[in-house]
Amino acid sequence: MTITPSEVSTKLDLAFVRSQFPALAQTVNDQPAVFLDGPGGTQVSERVIQAISDYLRQSNANTHGAYRTSRRTDAMLEEARTAMADFLGCDGDEIVFGANMTSLTYAISRAIGRELGPGNEILVTHLDHDANVSPWRQLEETGATVRFADIREEDCTLDMNDLARKVSGHTRLVAVGYASNAVGTINPVKEVVQLAHAAGALAYIDAVHYAPHGPIDVRALDCDFLVCSTYKFFGPHMGVLYGKREHLKRLKAYRLRANSDESPWRWEWGTLNHECIAGITACVEYLAELGGRVDPAAQTRRKALLAAFAAIQAYERDLAGRLVRGLLEIRGLEFYGIRELQRFGERCPTVAVRIAGHSPLELATRLGDRGFFTWDGNYFALNLSERLDVEKDGGFLRIGLVHYNTAEEVDRLLAALREIVG
Ligand SMILES: Cc1ncc(COP(=O)(O)O)c(C=O)c1O
């Protein structure tokens, strides 16, 4: 069965979704807690909590031992690799686990840096989280040059002309975010990958912000690396990297002598966080179950995940429309990013605003007291807050929706903001 967009928006079973996340039942000062902090980290489903505790009860051990719990651990790790391979559209041996996106990016950037020198260039962007900028900038110590692709200020999108101009035969790597964790813009990453490859450069995609909002297909993107963090898409605090098999094998990893030199293990340092990795499989299973409810005919986990994201995207677009429409009516509010409903395919439901006369910290604090969890500041999208010159004034107020948020929550947030602003 093929699902049409109009069918899917009504297919997200919100009652089922909300029943899966025990944290959503919290209250603050007798008000229901409203989790609008997804871009900083999402809540986890009951089955993730269960998988973590089950692992600790029944399988807790180090790897490669000649006994039952260790063998269970080995099997669990391979299951999680397969789950993430289904999530990203690749094979299990192209999946690397790490503490978070930042440490994985340092591991890969250090290895790539071994091959760089004067005359080589790396291209990063002003729209990116610092975790996809600083690890590359620090490679200037090799003599390589780091260049920045600019943004179009009016809608906080990547200036693709500027980016294309800055990719040349000197470029060895282009590092770009799939979506901005500050203003929600989704970048044309496939086009960026093509530009990078045409110049003989590698493409490194930071999909941390995009991952809870849309389907990822690393083969279709043809990117060389793509990295994400499971705690941003309803899983535990971990990072996951996809690397093309040929790169994971060829690049020289920094590793202990005792560590396997086989890929992907050569990229995984020390003992991993096994209980969290057990939670990753459960997190992918939750999304697959959601997809199975949307499209009962989905026969593989990958297909179920694609059905889940079709429903999530349609639902989130409606919700973001409601939020943005309401925000734009608030007096003195400055909105950063894409605001036209017809362009919502180019953005995630993550919005950044400033309101005249109120610092982002004041707004976040007053909202927090009323049970609304939002963020203030730069959330490490430092290059953007500097580029837009809001860093010195406390950055932005960020409101981040995910599929467990509701229209009623959006309406209550808007009412609270109107009351605070007066
Ligand atoms: C877009 C983006 N990239 C990278 C990161 C860094 O991720 P991690 O905390 O897993 O290192 C974040 C975290 O907020 C992010 O939002």
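Our subject is the structure that appears above.
Here goes a summary of the coordinates provided. (Residues numbered from 1 in each chain as written. Predicted model: local features only at pLDDT ≥ 70, side-chain atom pairs only at ≥ 80, totals over all residues. Heavy atoms only, no water.)

### Considering the site of the ligand
Part 1 of the reasoning: Around the ligand sit Asn100, Met101, Thr102, His129, Ala131, Asn181, Asp206, Val208, His209, Ser229, Tyr231 and Lys232, and that is every residue in its neighbourhood.
Part 2 of the reasoning: Separating an oxygen atom of the ligand from a side-chain N or O atom of Thr102 is a distance of 2.5 Å.
Part 3 of the reasoning: Lys232 is positioned with one of its side-chain polar atoms (N or O) 2.7 Å from an oxygen atom of the ligand.
Part 4 of the reasoning: In isolation the ligand has 390 Å² of accessible area, and contact with the protein removes 90% of it.
Part 5 of the reasoning: For the shell around the ligand, the per-class residue count stands at four nonpolar, six polar and two charged. (Near = heavy atom within 4 Å. Polar contact = N/O pair within 3.5 Å; in protein donor to acceptor, adjacent residues only side chain to side chain. Areas by Shrake-Rupley, 256 points an atom, 1.4 Å probe, with all protein chains shown as cover. Nonpolar A, V, L, I, M, F, W, Y, C, P; charged D, E, K, R; others polar.)

### Focus: the nonpolar core
Side chains that are nonpolar tend, in soluble globular proteins, to be buried together.
Part 1 of the reasoning: One finds Met84, Phe87, Leu88, Leu226 and Leu327 to be the most contacted residues of the largest nonpolar core, which totals 121 residues.
Part 2 of the reasoning: With 13 residues, the single largest contributor to this core is helix α12 (residues 301-328).
Part 3 of the reasoning: Within the second largest apolar cluster, 28 residues are counted, among which are Val146, Phe225, Val227 and Trp267. (Core = buried A, V, L, I, M, F, W, Y, C linked by side-chain atoms within 4.5 Å. Buried < 20%, exposed > 50% of the residue type's maximum accessible area, 1.4 Å probe, protein only. Helix = DSSP H or I, 4+ residues; strand = E, 2+ residues; numbered from the N terminus.)

### Things to note about the sheet that holds strand β11 (residues 225-229)
Part 1 of the reasoning: The strand order across the open sheet built from seven strands is β4-β12-β11-β10-β9-β5-β6, with neighbouring strands paired in mixed fashion. Looking at strand neighbours, the two that pair on one side only are β4 (95-98) and β6 (145-149), the edges of this open sheet. Between one strand axis and the next, the sheet turns through 20° on average, direction left out of account.
Part 2 of the reasoning: Direction of pairing for strand β5 (residues 121-125) relative to strand β9 (residues 171-177): parallel, over a ladder of three bridges. When the sheet's bridge partners are listed, Leu123 is paired in β9 with Val174. (Pairing = 2+ DSSP bridges. Axes fitted to C-alpha atoms, helices over the stretch in contact; angles between N-to-C directions.)

### Examining the packing of helix α11 (residues 274-294) against α12
Part 1 of the reasoning: Two elements in contact, α11 and α12, have axes separated by 7 Å at closest approach and are oriented at 75°. It follows from the interaxial angle that α11 and α12 lie roughly perpendicular. From α11, Val284, Glu285, Leu287, Ala288, Leu290, Gly291, Gly292 and Val294 reach across to α12, where they touch Arg301, Ala304, Leu305, Ala307, Ala308, Phe309, Ala311 and Ile312. (Parallel < 35°, antiparallel > 145°, perpendicular 65-115°, else oblique. Contact = heavy atoms within 4.5 Å.)

### Overview of the environment of Thr406
Part 1 of the reasoning: Mapped onto the elements of the fold, Thr406 is located in the loop between β17 (396-400) and α15 (407-421).
Part 2 of the reasoning: Since its relative accessible area comes to 10%, Thr406 is described here as buried.
Part 3 of the reasoning: Between the alpha carbons of Thr406 and Leu14 there is a distance of 8.2 Å; along the sequence they are 392 residues apart.
Part 4 of the reasoning: When neighbours within four sequence positions are excluded, Thr406 is seen to be in contact with Leu14, Arg18, Tyr315 and Leu319.
Part 5 of the reasoning: At 3.0 Å, the side chain of Thr406 and the backbone nitrogen of Glu409 are in polar contact.

### Overview of the sheet that holds β17
Part 1 of the reasoning: Across the sheet, four strands lie side by side as β13-β14-β17-β16; this open sheet has antiparallel pairing. At either end of the open sheet lies a strand with only one pairing partner, and these are β13 (333-336) and β16 (375-377). Averaged over neighbouring strand pairs, the angle between their axes works out to 30° when direction is ignored.
Part 2 of the reasoning: Note that β13 and strand β14 (residues 350-355) share four bridges and pair antiparallel. Considered in β14, the bridge of Tyr336 is made with Ala352.

### Thoughts on the environment of Ala211
Part 1 of the reasoning: Relative to the helices and strands, Ala211 is located in the loop between β10 (202-206) and α9 (218-221).
Part 2 of the reasoning: Sequence separation of Ala211 and Glu316 is 105 residues, and the distance between their C-alpha atoms is 13 Å.
Part 3 of the reasoning: Excluding its chain neighbours within four sequence positions, the residues that come into contact with Ala211 are Phe87, Ile216, Cys228, Phe233 and Phe309.

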